[in-house]
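A closer look at the structure
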Amino acid sequence: MKKKGIVLAAVAVVILAAVIVCDSVFNKTVSDTFLAMNTTVSAEITGLKAKSALTEVKEKILQLDEKLLSRTNENSEIYAVNNGKTEISDELIMLLTILKEIEQESGGAFCLGVAQLTDLWGIGTENARVPDEAEIKAAIENCFNWTIDYDNKTIHLPDGVKLDLGAVGKGTACDYACVIASESNCKESMVAVGGSVLLDNTSTKEKFKVGIRDPLGEANEYCAVIETVPGCVSTSGNYERFFEDENGKRYHHIFDPSTGYPADSGLMSVTVVTQSGTISDALSTACFVLGIEKSLPLLERYNAEAVFITEDKQIITTYGELENETITVTNNDYTLGEVK
Ligand code: AMP
Ligand code: MG
């Protein structure tokens, strides 16, 4: 009898050890931080194949920048297109098709053909300046008139127009990371590429907490926390890149394509949450240009939620009506309101 008890205890210990080992193997979490797309990328992935998934995510994001999206890297497809190449890959056609639709749905607040304008203002470079009216007018004249010929798989840019995917590349990187993590059956992944963060959680579907940066604070200071279901969260803000003229007037890097000047819609930042990184990133830029009221149909069209932070320190959100998503203000300088 006593012997039987000892055997049972030993079996229990073995089973417990096996469970612990399995858990640590199946729920292994790995993380990494690296530079890509002119920003810091942080990734944390949990699952049996987390390590190989993380390696793949890193390679993919670096490759995406170098080979597809960068307009400064001579090996990238966008660089080639901006310098006269017309044939484009299926991968680029797919991405540009979504973005052309967002240009149209946003009523022209979002515009991929802003490269000339971006270069003219030079915001974030040592050549930042306020261009003269004629230069601005020329830069915006044809910026929407790029077209795709689907039969021949070619793209056509009007003279002088170049594409700038700076408003979406980071969100697109999140989408690629999401596909890799889910194909590797990872249970949980968090991949932050600059202002876009992918939050994926196939195991528990628990909510995630995401801090929203205080537009007037340092990079690590938050003014609110949202709790959200898995998806992608992208923020556009006037604090990211800007310069001030001799009178202290601030010129930031998000342009209103209808004027050619930095958008002036009364906002300091917009955070958009939706299922696709490309879409959340494009919409955060578009909504920054549109301002609160004009953004609402666009957000609804893409089933997205948003948190707007106004210049007078109000945090206005579409979250009010949602049961499973909440927002908490963590800095008392700000007041919370809902969209009307
Ligand atoms: P984001 O920080 O995602 O809002 O992206 C801002 C970047 O997108 C800028 O630095 C420009 O490269 C580009 N950009 C500026 N204005 C626009 C616009 N209206 N539509 C699309 N891209 C823009
Ligand atoms: Mg964006």
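Preceding this paragraph is the structure being described.
Quick summary incoming for the structure in this document.

Two side chains that carry opposite charge are able to pair once their charged atoms sit near each other. Under the counting rule described, the total for this entry stands at 10 salt bridges. Residue Asp90 pairs with Lys153 through a salt bridge whose shortest N-O separation is 2.9 Å. A residue pair is termed long-range when its members are at least 10 positions apart, and Asp90 in helix 4 (residues 90-105) and Lys153 in the loop between strand 3 (147-149) and strand 4 (154-156) qualify at 63 residues. Looking at Asp90, the relative accessible area reads 45%, which means it is partly exposed. In this structure Lys153 comes out as partly exposed when scored by relative accessible area, which is 37%. Across the pair Glu244 and Arg250 runs a salt bridge whose closest N-O atoms are separated by 3.9 Å. Residue Glu244 is classed as partly exposed on the basis of its relative accessible area, which comes to 46%. Note on Arg250: relative accessible area 34%, which makes it partly exposed.

Our focus in this paragraph is the environment of Ile180. Along the chain, Ile180 turns up in helix 7 (residues 169-183). Taking relative accessible area as the criterion, Ile180 reaches 7% and is therefore assigned buried. Taking the C-alpha atoms as reference points, Ile180 and Phe208, 28 residues apart in sequence, are found 20 Å from one another. Excluding anything up to four places from it in sequence, Ile180 contacts Ala53, Glu56, Val57 and Lys60.

The residue Asn185 is not glycine, and still its phi comes out positive at about 55°. With respect to the element layout, Asn185 can be found in the loop between helix 7 and strand 5 (188-193). Residue classification places Asn185 among the exposed positions, given a relative accessible area of 59%. Notably, Asn303 is not glycine yet its phi reads approximately 55°, a positive angle. Note on placement: Asn303 falls in the loop between helix 9 (292-301) and strand 15 (305-310).

The magnesium ion (ligand 2) binds to the protein through Ala167 (O), Asp281 (O), Asp281 (OD) and Thr285 (OG1); the donor distances cover 2.1 to 2.5 Å. Mapped onto the sequence, the residues coordinating the magnesium ion (ligand 2) show the spacing A-x113-D-x3-T. Note that Asp281 and Thr285 are positioned in helix 8 (residues 277-290) at a spacing of 4 residues, about one turn of the helix. Across this residue pair, the class does not change: Asp281 and Thr285 are buried.

This part takes up the site of ligand 1. In the vicinity of ligand 1, 16 residues are found, and the nearest of them are Ala109, Asp164, Ser236, Phe255 and Thr285. Within the contact set of ligand 1, a nitrogen atom lies 2.8 Å away from a backbone nitrogen or oxygen of Phe255. One nitrogen or oxygen atom from the side chain of Asp281 is found 3.1 Å from an oxygen atom belonging to ligand 1. Bound to the protein, ligand 1 loses 94% of the 500 Å² it would expose on its own. Per element, the largest residue contribution to the shell around ligand 1 is 3 residues, and it comes from helix 8.

Here is what the cut-offs are and how they apply
Residues numbered from 1 in each chain as written. Chains lettered and ligands numbered in written order. Predicted model: local features only at pLDDT ≥ 70, side-chain atom pairs only at ≥ 80, totals over all residues. Heavy atoms only, no water. Salt bridge = Lys/Arg side-chain N within 4 Å of Asp/Glu carboxyl O. Helix = DSSP H or I, 4+ residues; strand = E, 2+ residues; numbered from the N terminus. Buried < 20%, exposed > 50% of the residue type's maximum accessible area, 1.4 Å probe, protein only. Contact = heavy atoms within 4.5 Å. Donors = N, O, S within 2.8 Å, 3.2 Å for Na, K, Ca; no water. Near = heavy atom within 4 Å. Polar contact = N/O pair within 3.5 Å; in protein donor to acceptor, adjacent residues only side chain to side chain. Areas by Shrake-Rupley, 256 points an atom, 1.4 Å probe, with all protein chains shown as cover.

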